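One letter stands for each residue in the lines below.
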Amino acid sequence: MIGLLFVILAALAPTVAAAQELTGSFGLPNADRTLTIRSTTDLAVMAPVIASYLAGRPDLRIDYEQWGSNDLYELTALNCRNEEAGADIVVSSAVHQMVRLVNDGCAATHRSDFTAALPAQLRWRDELWGISREPAVIVYNRERVPASEVPRSRFDLLDLLRPEDSPYRGRVATYDIETSGLGYLLAFADSLEASTFGGLMESFGRSGAVATCCSAEIIDAVIEGRYLLAYNVLGSYALARAEGEARLGIVAPADYTLILSRGAMIPNNGPARREAAAYLDYLLSPAGRKALEDALLLVRLDGEEGGLLESPPDAQTIQRPIALTPALLVALDKHKRGLFRQRWRAAFPVTP
């Protein structure tokens, strides 16, 4: 227990509601003020960050709802269209969906010294802010993947999948873009960045790669050996799991590594806008950044002081941040999305 100011009131189990995965309340139940957060970030990951914020704030309770990205987007958009109160702050890894919400007029404006200090690529219209720094990585089973076969780049991964008798056939996983907004975002970003994308899609399809959900399930399956490796997994979750699990190896691809910053938005219909702005500023403050780093939501790569991920031999990882800009709206264009999904289904015709 982390003091009297940190009390989880709700059971950490799936709710009956349409999409809430977990709910929790932090702080004293009789607090004068309440802040409601809806987020795709795992409750267990954010709990210490929220606890650090509530220290010294006995008059505030935080209600936290963990959602899947697609359902969180739909609910937030519905609240916006109906001009009804919903969450006070929304945080999602599917930042293309967050850009759409801002573009549709669903966000309130907030300016502070902390928001102004963010790089331009991590803030848009003073209505959307990137609060984390998380690489998309390759994870693998250290006991079952020989050191000489650990893929340090997408080119290495293609080489592993190319042979007809490859031991990796049917043993590679990635996010399912049909069910995961984050998975769709990372795959779409790959399609814009990578000369290897077409080859990966063909190799995934030919080798029986598995498209599935979600971070925790994929990582656990790699640790257990049901998959030998997985592609485009969020490094923050992988690092947290690897702290107590020696079987899990993590690589930031050397050819380039996508860097995600979870998007935070203050809905314009939120009842506690002032509290939401104060919480956002905390996340962007030195104390908040330290709490996020301790929670492994601010990840350093190889070559950086305190870097946590494996360094590719004789190479420096090229970082490709996903900027919070209107360019992400292309990923939600109905025609382009349809074509992209057709291409995806050709590689992953059956989702388990």
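Refer to the structure printed above.
Enquirer: Give a description of the side chain of Asp255 that names residues and reports values.
Expert: Mapped onto the secondary structure, Asp255 falls in the loop between strand S11 (248-251) and strand S12 (257-260). Of the residues examined, Asp255 reaches a relative accessible area of 17% and is grouped as buried. Apart from residues lying up to four places away in sequence, Asp255 is in contact with Ser153, Arg154, Phe155 and Ile318.

Enquirer: Kindly report on the state of the cysteines, identifying the contributing residues and their values.
Expert: Per the stated rule, a full pass over the model turns up two disulfides. Across a sulfur-sulfur distance of 2.2 Å, Cys80 and Cys106 are joined as a disulfide pair. Around the S-S axis, the bridge from Cys80 to Cys106 shows a dihedral of about -90° and counts as left-handed. On the criterion of sequence distance, the pair formed by Cys80 in helix H2 (residues 69-81) and Cys106 in the loop between helix H3 (95-103) and helix H4 (113-116) is long-range, its members being 26 residues apart.

Enquirer: Before we move on, can you summarise the pattern of salt bridges with the specific residues and values?
Expert: Going through the model one piece at a time under the given rule, you end up with 18 salt bridges. Across the salt bridge formed by Asp63 and Arg61, the nearest N and O atoms sit 3.0 Å from each other. Exposure class is identical for Asp63 and Arg61. Each is buried. Across the salt bridge formed by Arg226 and Glu224, the nearest N and O atoms sit 2.9 Å from each other.

Enquirer: Requested: an account of unusual backbone geometry, with residues and values cited.
Expert: The omega torsion of the bond from Cys213 to Cys214 falls at 0°, within 30 degrees of zero and hence cis. Structurally, Cys214 can be placed in the loop between strand S9 (210-212) and helix H8 (215-224). The backbone phi angle of Arg125 is positive, close to 55°, even though this residue is not glycine. In this structure, Arg125 sits in the loop between strand S5 (123-124) and strand S6 (128-130). Phi is positive for Leu296, which is not a glycine, with a value near 65°. Structurally, the position occupied by Leu296 is in the loop between helix H11 (286-294) and strand S14 (319-321).

Enquirer: Residue-level account of a negative patch on the surface, with values.
Expert: Taken together, the side chains of Glu21, Asp71, Glu74 and Glu217 make up a negatively charged region of the molecular surface. Judged by its relative accessible area of 46%, Glu74 is partly exposed.

Cut-offs and rules
Here the residue index of a chain counts from 1 through its sequence in written order. Note on the predicted model: pLDDT of at least 70 is required for a residue's local features to be given, and 80 or more for side-chain atom pairs to be given and counted; whole-chain, interface and lining totals, by contrast, use all residues. The side-chain numbers reported here are obtained from all heavy atoms of the structure, hydrogens and water having been left aside. Secondary structure follows DSSP: runs of H or I at least 4 residues long count as helices, runs of E at least 2 residues long count as strands, and numbering of each begins at the N terminus. Here the term buried applies to any residue with accessible area under 20% of the maximum for its type, exposed to any over 50%, and partly exposed to those in between, with areas from a 1.4 Å probe on protein chains only. What makes two residues a contact is simply this: any of their non-hydrogen atoms within 4.5 Å. Cysteine sulfur atoms are paired as a disulfide whenever they fall within 2.5 Å. Any Lys or Arg side-chain nitrogen found within 4 Å of a carboxyl oxygen on Asp or Glu counts as a salt bridge. Patch membership requires over 30% relative accessible area and the absence of a salt bridge. Like charges are linked within 9 Å, and nonpolar side chains (Val, Leu, Ile, Met, Phe, Trp, Tyr) within 5 Å. Note that accessible areas follow from Shrake-Rupley with a 1.4 Å probe, and for residues the cover is restricted to the protein chains shown. By the counting rule applied here, Lys and Arg register as positive and Asp and Glu as negative, while His and the ends of each chain are not counted. Every charge is mapped to an atom, namely NZ of Lys, CZ of Arg, CG of Asp or CD of Glu.

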